[in-house]
Amino acid sequence: MTGATAEDVGAAVGAFAVPLAAYGTTGSVVQAGVISFVGQLGSVLMALPAGVIVDRVDRRRLIMIGSAVAALAWLSVVVAGLVDGLSITAPHLAAALFVSSMVGSLMDPAGIAALHAVVPKEQLGQAVSVAQGRDAAATLLQGPLGGLLYGMSSVLPFVVSVAGRLVSVVTTSLVREPLNGDLGAARAEHPLAALREGLRYVFGVPLLRTMIWLFVLVNIVLNGMMVAINLHLVSIGTTPALIGLINTAVGVGVLAGSFLAGVLVKRVRVGVLTAMTLGVSGVAVVAMALYPTFWGFVAALTGMMFFAPALNAGLLSYVTAITPGAVQGRMAATMGLTGLVAGPTAPLVGSLLLASLGIGPAMWVFSAGWALLFLALFLVRPLWHVGLPGTWAADVVEWPTPRPPSATRSEAVRRRTSRHPRR
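Note that this is a predicted model, so its numbers are computed, not measured. (Residues numbered from 1 in each chain as written. Predicted model: local features only at pLDDT ≥ 70, side-chain atom pairs only at ≥ 80, totals over all residues. Heavy atoms only, no water.)

Draft legend 1. Layout of the overall build of the protein chain. When helices and strands are tallied, the protein chain shows 16 helices and zero strands. Sequence-distant contacts, at least 24 apart, represent 84% of the contacts inside the protein chain between residues at least 6 apart. Accessible surface, the protein chain as shown: approximately 19,100 Å² in total, 69% of it carbon and sulfur. (Helix = DSSP H or I, 4+ residues; strand = E, 2+ residues; numbered from the N terminus. Contact = heavy atoms within 4.5 Å. Areas by Shrake-Rupley, 256 points an atom, 1.4 Å probe, with all protein chains shown as cover.)

Encoded structure:
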């Protein structure tokens, strides 16, 4: 957790500085946007292969090597910015971001799989709650710390990024618990077959299959709403500092909620947590539709995010608990695709609604979206059968290890899931 926190803070500070450095290098807003776009392609291209890689290689070494590679990428940017006769070029910055985003796609499923390996199932909810707080803290530090460091020197944010990655290398090297199961069986399967097996697993468990669609819709509604709010504030001449406060409000709500998340996950069923979160969020969106003002947005968004860490911790820790170790990477990578699917859709939805309706009516449309999600929630039967953490061990999905190439069809183990996830 120490290494992941250092890596998250370093990555967040570096991400904040990339568009600033890109604009400083090119002098063009458009070119700076192209650099960010090209750099982030790494995470898109690595999204699905990452799950297969995480399940086929030693996860401890993968985290160490990935962190070291990202550190070297940003160290090259630091050197270029400091050494006389060299300067940070646009291709160099885009390449460093491309490498870093590829590594990030590997680190996310590797980190989830690592939690599964070292944390007892009944404590996964608390562990994921701590991770939620860590992410919120990194988000809150991103702007203030990144801006302060960049104001002192354009390379300082990247120095912090390098340091965070190196801390991750050191702390991960101290982990002695094995983070993988039978690597021999995993490596016996062809990578494409392993990818198909991972997709078959996720779409074969009713709860996971439903969660994918739920996450996509929630991401589209939530991110589309945030795009509409930010664009509205820009259009009415709100200062950038105040617009930044909107994102800070979200971070404050998540950080505050993360302190309560561990207690809630232990005592409240995941289905009830989901209903609480979507219900409170729906009320907050209605409040923003009624009072579409800057301070109305700040207050409502802070309250809206309060139960989100508990929901994320409950769902993520449960699916981590029931997923066999050999499929952890592919499960996490496949579930992570929901953000990539919603990514290009949400800005389009938000901007079109704002342009055609205005902020007030647009917020009412988002309110209707939340209401439909809330009502649809009660039709998701597998979600309501999830018990408290003490019962999760009984829900573990039985999934066969890959067959060696010489295995015959008659030797294959019949796939089946436990009674609870199939409901």
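There is more to say, and it comes next.
Draft legend 2. Expanded view of the nonpolar core. Membership of the largest hydrophobic core comes to 73 residues, with the highest contact counts inside it found for Y201, M225, M288, L301, M304, M363 and W370. Here this core gets 13 residues from one element, more than from any other, and that element is helix α9 (residues 206-235). Setting aside residues up to four positions removed in sequence, L301 forms contacts with M225, M226, I229, I246, V250 and M288. If you look at the next biggest cluster of nonpolar residues, it comprises 20 residues, including A17, V18, A21 and I35. (Core = buried A, V, L, I, M, F, W, Y, C linked by side-chain atoms within 4.5 Å. Buried < 20%, exposed > 50% of the residue type's maximum accessible area, 1.4 Å probe, protein only.)

Draft legend 3. Structural context of the environment of L207. Along the chain, the position of L207 falls in helix α9. Through-space distance from the C-alpha of L207 to that of H385 is 9.8 Å; in sequence the pair is 178 residues apart.

Draft legend 4. Focus on a nonpolar patch on the surface. Where nonpolar side chains cluster on the molecular surface, the patch consists of V34, F37, V38, L41, V44 and L45 and spans about 520 Å² of accessible area. Here F37 is to be found in helix α2 (residues 29-56). What makes F37 exposed here is its relative accessible area of 56%. (Patch = residues over 30% accessible without salt bridge, like charges linked within 9 Å, V, L, I, M, F, W, Y side chains within 5 Å. Salt bridge = Lys/Arg side-chain N within 4 Å of Asp/Glu carboxyl O.)

Draft legend 5. Fine view of helix α8 (residues 191-204). Taking 1.5 Å per residue as the helical rise, α8 with its 14 residues ought to reach 20 Å, and the 19 Å between its terminal C-alpha atoms agrees with that figure. Those residues of α8 that fall on the buried side of the exposure criterion are A194, E197, G198, Y201, V202 and G204. (Expected span 1.5 Å × (residues − 1).)

Draft legend 6. Broad picture of the packing of α9 against helix α15 (residues 359-377). Put simply, α9 and α15 touch, their axes get as near as 11 Å, and they point 165° apart. Classified by the angle their axes make, α9 and α15 are roughly antiparallel. Between α9 and α15 lies a crossing of left-handed hand. Along its contact with α9, which presents L214, L217, V218, V221, L222, G224, M225, A228, I229 and H232, the element α15 presents I359, M363, F366, W370 and L373. Its residues assigned to classes, the contact of α9 with α15 shows 13 nonpolar, two polar and no charged. (Axes fitted to C-alpha atoms, helices over the stretch in contact; angles between N-to-C directions. Parallel < 35°, antiparallel > 145°, perpendicular 65-115°, else oblique. Left-handed = near helix turned anticlockwise from the far one by under 90°. Nonpolar A, V, L, I, M, F, W, Y, C, P; charged D, E, K, R; others polar.)

Draft legend 7. Region of the structure containing the confidence of the model for the protein chain. Per-residue confidence for the protein chain gives a mean pLDDT of 81, with 89% of residues at or over 70. The least confident element of the protein chain is helix α7 (residues 183-187), whose mean pLDDT is 70; the most confident is helix α6 (residues 156-173), at 92. Counted against residues more than four places away or in other chains, residues 404-423, with its pLDDT under 50, gives 33 contacts. (pLDDT = per-residue confidence, 0-100.)

Draft legend 8. Quick look at α9. Here α9 is 30 residues long and its end C-alpha atoms lie 44 Å apart, about the 44 Å a rise of 1.5 Å per residue gives. Two residues or fewer after α9 comes G237, characterised by a positive phi angle close to 85°.

Draft legend 9. Fine view of the side chain of S100. Examined against the element boundaries, S100 turns out to sit in helix α4 (residues 90-118). Look at S100 and you get buried, because its relative accessible area is 9%. When sequence neighbours within four positions are dropped, the list of residues in contact with S100 reads W74 and R165.

Draft legend 10. Here's a closer look at the packing of helix α11 (residues 270-290) against helix α13 (residues 308-322). Running from N to C, α11 and α13 cross one another at 150°; their axes reach a closest spacing of 9 Å. Considering the angle they form, α11 stands roughly antiparallel to α13. Judged by the sense of rotation from one axis to the other, the crossing of α11 with α13 is left-handed. Between α11, through V270, L273, T274 and T277, and α13, the contact on the second element is made entirely by A308, A310, L311, G314 and L315. In terms of residue class, the contact of α11 with α13 is made up of six nonpolar, three polar and no charged.

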